[in-house]
Structures are given as structure tokens and as C-alpha cells.
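Descriptive analysis of the structure
Below are the chains, spelled out letter by letter.
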Amino acid sequence: MTSIILAIVIGAAFGAVLDRIGATNPNWIGKMLTLTHLHLMKTILLAIGTGSVLMFGGQMLGLVDVGHMSVKTAYVGVFIGGLLLGAGWAAAGYCPGTGVCAAASGRKDALFFIAGGLLGAAAYMLTYPAWKASGLLDGEKMTLGAVPGTEYPAFFNLSGDVLGVVMGLAFVAIAFALPERLRGTGEAVAPAE
Amino acid sequence: MTLNWKLGGLLLGLVFFGAVLLVKPIGVSTQFVILDAIVGNTVNPDLITQTEDGYTSSNAYLAKSGGKYATNAANPLNYSFVFVLAMAMGAFLSAMARGGVDTDERRLPAIWYANYGDTPVKRYAMAFLGGFIVLYGARLAGGCTSGHMMSGMMQTSISGYIFAAGAFAAAIPTAMLLYRKEG
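Residues numbered from 1 in each chain as written. Chains lettered and ligands numbered in written order. Predicted model: local features only at pLDDT ≥ 70, side-chain atom pairs only at ≥ 80, totals over all residues.

1. Here we look at the pairing of strand β1 (residues 48-51) of chain B
Residue and element names in this part refer to chain B. For clarity, the cut-off: One bridge is not enough; two strands pair if DSSP finds at least two bridges between them. Secondary structure elements are defined from DSSP: runs of H or I of at least 4 residues count as helices, runs of E of at least 2 residues count as strands, and each element is numbered from the N terminus.
Two elements, β1 and strand β2 (residues 54-57), share four bridges in a ladder whose sense is antiparallel. Across the sheet, residue Thr 51 finds its bridge partner in β2, namely Gly 54. Hairpin connection of β1 to β2: two residues between the antiparallel strands.

2. With respect to the nonpolar core
Convention followed: Each nonpolar core reported here comprises buried Ala, Val, Leu, Ile, Met, Phe, Trp, Tyr and Cys residues connected via C-beta atoms within 7 Å. Put simply, a residue is buried when 20 or more other C-beta atoms lie within 10 Å of its own C-beta and exposed when 12 or fewer do; between those, it is partly exposed, and each C-beta is set from the backbone. Domain borders in the structure are assigned automatically or taken from a domain database.
In this structure, B:Phe16 and B:Met87 are the most contacted members of the largest nonpolar core, which totals 125 residues. For this core, the domains that each give at least three residues are domain 1 (11-100) and domain 2 (107-183) of chain B.

3. Details of the domain arrangement of chain B
Residues and elements named next belong to chain B. How we decide: Here, residue contact means that the backbone-derived C-beta atoms of the two residues sit within 7 Å. Gly is put with the polar residues, along with every residue not named as nonpolar or charged; the nonpolar set is Ala, Val, Leu, Ile, Met, Phe, Trp, Tyr, Cys and Pro, and the charged set is Asp, Glu, Lys and Arg.
In terms of domains, chain B is made up of domain 1 (11-100) and domain 2 (107-183). For domain 1 versus domain 2, the distance between C-alpha centres works out to 21 Å. Listed by partner, the interface residues are eight residues for domain 1 and 11 residues for domain 2. Class assignment for the residues of the side of domain 1 that touches domain 2 results in six nonpolar, two polar and no charged.

4. Points about helix α4 (residues 79-97) of chain B
Rules: Between the first and last residue of a helix there are one fewer steps than residues, each counted as 1.5 Å, and that sum is the expected span.
Taking 1.5 Å per residue, 19 residues should reach 27 Å; α4(B) reaches 26 Å between its end C-alpha atoms and fits that length. Buried within α4(B) we find B:Phe81, B:Phe83, B:Val84, B:Ala86, B:Met87, B:Gly90, B:Ala91, B:Phe92, B:Ser94 and B:Ala95. The secondary structure elements touched by the buried residues of α4(B) are α1 (2-21) and α5 (96-104) of chain A together with α2 (30-43) and α3 (60-74) of chain B. One or two steps after α4(B), the chain reaches B:Gly99, where phi turns positive at roughly 95°.

Dropping the structure here:
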């Protein structure tokens, strides 16, 4: 029961924040991916950095349970899947989470996105054996440094939690350093709501 | 009405941190599979079957990792599935609280109108096709923007960096090609 209450509280907070930062608005996604207004990119980078510093900092102080970490396997299919997701994300202006949130906020095109998504996920379920047999799904769950209290192999033989805080700070620094726009001329124009 | 990136980024970071502090990292795309499995099992009750120590499926993907997905589809009242439903509710309430998305936007986003005019059917077809590719890709990668890119890079997971590199390498040229005019 506790886990269901947590799911409701954290899930609702996540949906509300996605709505308020503009991530559920395809105009903001388009602006970010055409590099004409990087507001959302700065938001995302700052969020990753903040999360990283708090999580690894908390783990170093013993306040955050290392056992809650869940690192995914790195394999060639991650890159191929990333390419596919990126292309669809740009075309539709939605990713799985923001598409669901956009539909909930009344955007009609997001309903079509979800329908396409359900079909795409079903198509993967059916073609999974071929991917599995190809060996492209084989890999290891690996972190950048060795995180104390975990079994994950490390890419660099360095302290994983210190590296995590450093990476987090780097994300924050990039968020601040990025200009409002990289392409086009004039003031970056915020899209309509 | 969009939050300043400093406040928005901080709040989003706190949500991702709160999730890993209290439960586990945020992820969404798996739940598309779970919903497919629930619907599939309604149409064909042989899709998910109970075993002595849990659930399995005639579909190899649902049966993998000890029937993890089959188990969740058989018991939809689990953390990850409820999380996604709550996320939709949170977005709905937040959108309503700021006065809702306006009628024109709900029908057709401005960026589409600026590039392709008043062509909602084309837009819906593009959103459908985009959704198909996004979820196929997310399942192949084993996660999406939330699970791989945000939760992954936050944990310094190598897979998160690989995924983000692939996603932006495709997304930026695709967006530049499709949306030449600023919305």
C-alpha cells in the first residue's frame, strides 16, 4: 500500500512538473531540437545535475540508500534504439512520458502518439526474439566510476560517488553556460502556450 | 506560463532525486508494454499464464527476466503502472490550474501550423508514426528519455550516455529537416 501511495505522489509531482517546464508542449521540444531556443535543454541539464549531486552526495553521507540505484545494461541496441527514439521524438514532439502527459492536458495529437506507441511497443514484443538472437542486446550494467555499495563494473577506476557529484556539477555548469539559442538570429522567441 | 529554467530544472531534479531516494529511478516506456499485455491477455487469455512461482507468457518478451513483465501485467496495481497513471493525473491538474491548453493548440501545435498550415490529419498521422518509432526504439534500448537519459545519466550509467548520444544524434537533424520555420 505504501508503494502505491508513493507512486501516486511522485507520479503526480512528475506529471505536474513536466507540464510546467514546457516538456509536454511540442513547440518547446521543436525549439530545443532545432536549437532555436534552448530553455528546455537548460532545464533538463540542470535537473540531471541537481539529481546527481543530491543522490551521490546523499549516498556519501549515508542518507540515501545505494540499493535504490538501478543501472540499465549498456549494449549496441541502446544506441540503435536511441536513434529511433530520437527521430520519432523530433517528428512527434513527444517522448513516452510527455506524450501521456500531453494527452492528459487535452492535446489531440498526443492521443495518436500514444496509439502509435502502443502499436510500436507491441511490434517490439513480437520482434524481440530476432534482436535477442542477434547478440545486439548483450552487454553489462556499468557506471562511470566504482560506486561504493554496488556491484556495477566501473568504466574508470575512480570513486563513483565523487565522480557522480563532479558530473552533476558539470551538468549544472553546462546548463548555465548554454546560450538561449545556437541557430537563427535575434532574440530567442518563446512559443505560444 | 512556462517556469524559468532555473526553478523548473531544480524542481524536476528534486522529483528525480525524490524518486530514487524513496523508491527507485523514474521510468515510463515499459508501461506501454504492460498496457499492451493487459489488453492482449483480455483478447487472448493464454497470453499470460500462472506458474507455480509467478507468471509467464507465451510471448518471449513478456516472459523474459523470470516473467517480470507478465507478473506486472497480471497485477496492474503495482508501483510502476500506477506511477504512469498518476503522472497523467498530475499533468492534467497542473494544466487545468494554469487555465488549460488553449483550443487551437489542443487541435494543432503552433510549430506544425507554422510549417505545414492547417493540416490536422497530417499532424495526427505524423504523431502516430512518431509514437510507433519512439516506443519501438525505447523498448529496443530498454528505456526512454526518463529512464535512460535522465535517470541513467543522473546515476552515471554508461547506458544513459550511449542512449542520449543516439537520441540527440537523430533528433536534431530530424527536427531541423521537418521544422524549418520557427513556430
